Amino acid sequence: MEMPHTTPTRRRLLAAGVLLGLTALAGAASRSREATPPPTNTALRFTGTGSGLVTFTGQLDRAAVRTGGDGLVRMELLLGAKNFIEQARRRRPADIVVVLDRSGSMEGDKLVHARAAVAELIQQLDPRDRFALISYADDAEMTIPLAAVSPEARSGWLTTVAGLGTLGGTNMSSGLDLALSAMQASGAAGRVARTILISDGLANQGDSSPEGLVARARRVARSEWALTTVGVGSDFNEYLMTALADAGTGNYYFVERATDLGDVFAREFGTASTTVASAVEVEIAPAAGVRVVDAGGYPLETTGDGHVVFRPGTLFAGQERRIWVTLAVPQDAVGERDLGRFALAYKDGDTARRVAFAETPRVACVADDDAFFAGVDTQTWERAVVVEEFNKMQDTVARQVAAGKRDEAAATVKKFRTDTGKLNDRLRSKDVAQKLESLGALEARVDDAFQGADQKGKQNRLSKSGSAAAYDARRPGGKY
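Residues numbered from 1 in each chain as written. Predicted model: local features only at pLDDT ≥ 70, side-chain atom pairs only at ≥ 80, totals over all residues. Heavy atoms only, no water.

## Regarding the sheet that holds strand E9 (residues 226-232)
Strand order in this open sheet of 6 strands is E7-E6-E5-E8-E9-E10, and the pairing throughout is mixed. Two strands close off the open sheet at either side, each with one partner strand: strand E7 (140-148) and strand E10 (249-255). In this sheet, neighbouring strand axes are inclined to one another by 10° on average, regardless of whether the strands run parallel or antiparallel. In the sheet, strand E5 (residues 94-101) pairs with strand E6 (residues 130-136) via 7 bridges, with the strands oriented parallel. (Pairing = 2+ DSSP bridges. Helix = DSSP H or I, 4+ residues; strand = E, 2+ residues; numbered from the N terminus. Axes fitted to C-alpha atoms, helices over the stretch in contact; angles between N-to-C directions.)

## Considering the packing of helix H6 (residues 210-222) against helix H7 (residues 238-247)
Running from N to C, H6 and H7 point in directions that differ by 25°, and their axes come no closer than 7 Å. In this view, H6 runs roughly parallel relative to H7, as classed from their interaxial angle. Between H6 and H7 the crossing geometry is right-handed. Residue-level inspection shows Pro-210, Leu-213, Val-214, Ala-217, Arg-218 and Ala-221 of H6 in contact with H7, the latter providing Leu-240, Ala-243, Leu-244 and Ala-247. Tallied by class, the residues present in the contact of H6 with H7 amount to 9 nonpolar, no polar and 1 charged. (Parallel < 35°, antiparallel > 145°, perpendicular 65-115°, else oblique. Left-handed = near helix turned anticlockwise from the far one by under 90°. Contact = heavy atoms within 4.5 Å. Nonpolar A, V, L, I, M, F, W, Y, C, P; charged D, E, K, R; others polar.)

## Regarding the pattern of salt bridges
Enumeration according to the criterion identifies 34 salt bridges in this entry. Notably, a salt bridge pairs Asp-95 with Arg-130, separated by 2.7 Å at the nearest N-O pair. Residue Asp-95 is located in strand E5, and its partner Arg-130 is located in strand E6; the two are separated by 35 residues in the primary sequence. Assessed through its relative accessible area of 17%, Arg-130 is described here as buried. Between Glu-268 and Arg-194 there is a salt bridge, with the nearest N and O atoms lying 2.9 Å from each other. A residue pair is termed long-range when its members are at least 10 positions apart, and Glu-268 in helix H8 (residues 261-273) and Arg-194 in strand E8 (residues 192-199) qualify at 74 residues. Comparing Glu-268 with Arg-194 shows no difference in burial state: the two are buried. (Salt bridge = Lys/Arg side-chain N within 4 Å of Asp/Glu carboxyl O. Buried < 20%, exposed > 50% of the residue type's maximum accessible area, 1.4 Å probe, protein only.)

## Quick notes on the packing of aromatic side chains
Under the defined criterion, the tally for this structure stands at 9 aromatic pairs. Their ring planes at 25° and their centres at 6.0 Å tell us that Phe-46 and Phe-357 sit as a pair that is stacked. Of this pair, Phe-46 sits in strand E1 (residues 45-49) while Phe-357 sits in strand E18 (residues 351-357), placing them 311 residues apart in sequence. Each member of the pair, Phe-46 as well as Phe-357, carries the same accessibility label: buried. Here the aromatic rings of Tyr-252 and Tyr-471 are separated by 5.4 Å at their centres, their planes lie at 80°, and the arrangement is edge-to-face. One end of the pair, Tyr-252, is in strand E10; the other, Tyr-471, is in helix H13 (residues 455-473), with 219 residues separating them in the sequence. We classify Tyr-252 as buried; its relative accessible area is 1%. An aromatic cluster of at least three residues, connected via ring pairs, comprises Phe-46, Phe-56, Phe-342 and Phe-357. Over the aromatic face of Phe-236 sits the side chain of Lys-464, whose NZ or CZ is 5.0 Å from the ring centroid. (Phe/Tyr/Trp six-rings, centres within 6.5 Å; stacked < 30°, edge-to-face > 60°. Lys NZ or Arg CZ within 6 Å of the ring centre and 35° of its normal.)

These results come straight from atomic positions and should not be treated as a statement about function.
Below is the structure:
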């Protein structure tokens, strides 16, 4: 769905709606609540200023919050990489490191298709690219050291890949450690670099702690490589794999059938080789009392000066990524509220660039329902519910099902239906109404996962499919 452009006329209408509601409030002698002055900045759309190939805009879903309410405001950020013809044609050299789980559980079709996918990737590379393969089981080995592509190298690599077998446990940390060593020695200036980690099971040797593994993923990102993770089958920890991808500023894929690995490699290589912006960071300097609650599920980091940063990964030519940022605004008294400053930093090759909103987004805190609803941009709110809030709820339900918490999962769905339904009774969005109707199917899936035979298997499948769908849906344009 395209983001609607907020015209000056539309802005005036929104402002007029808020003002009318507030005027009526002030004139009602029977009310003792203080009236809110109309906001002086009623714009809901913001555009970043700065040079370079990346655009940065934001769209608020409302111009006001209610006193005594939750104080939540959502902004849809759009990160776009321009698709100039010369940029799209400028294929950048890529460094690709595959970190492959070859533990005993990969025996059979999983390893057969993993070998085929790696071989297919090798065939796509050209002499500008470099490739390495690290395999891990009880320990890790540098199966193919990072080197440039040549006919002789390609032939030897294909022979090596064809001979891979399985053995032992799952020492994921050793695989990541060896990948980090290869990265640090690579000298990848001017190149785009991506590591693809594949696993079908739980890390059970070496440093298997989520904290230790995520710390390694952060080190990958600091080296200006992107770490993409691929979970195969139904026995891996999907929440660890998503956390690794987020910390490593890459992508996460759930591959139920190993035959789909080739598609994953093709997508990752295709986007890596047309990268326009790397080391992308969104920085928010919240105004006093404002809290950044969430940013599309990306990990939030607070800097020493109180700014909040998240890293959504790279941008390739022509890509548009949409990310919902949720902010909590003080709502203890009527009046205007600054939200803070928003900026985007990235690298174009070796050049650091920055784009920032020229204006400071602002909302009003009002004491009247009519004034609040007059300030809601219905289309943007609709997207916030359908894209962000619904899928955030779906991910929560998936996690609760994975933990065996049937009642909590049911309560989460019920709360979403109640809270969203109350707002939609007033805003009348057909798309939101359809999402609310679809909750019955989700509730049925949750019920089924706790009934009959193979409950654990059904819970596992629901958790993985639900979390993967929510992960992708909350970040439109993130992969393709």
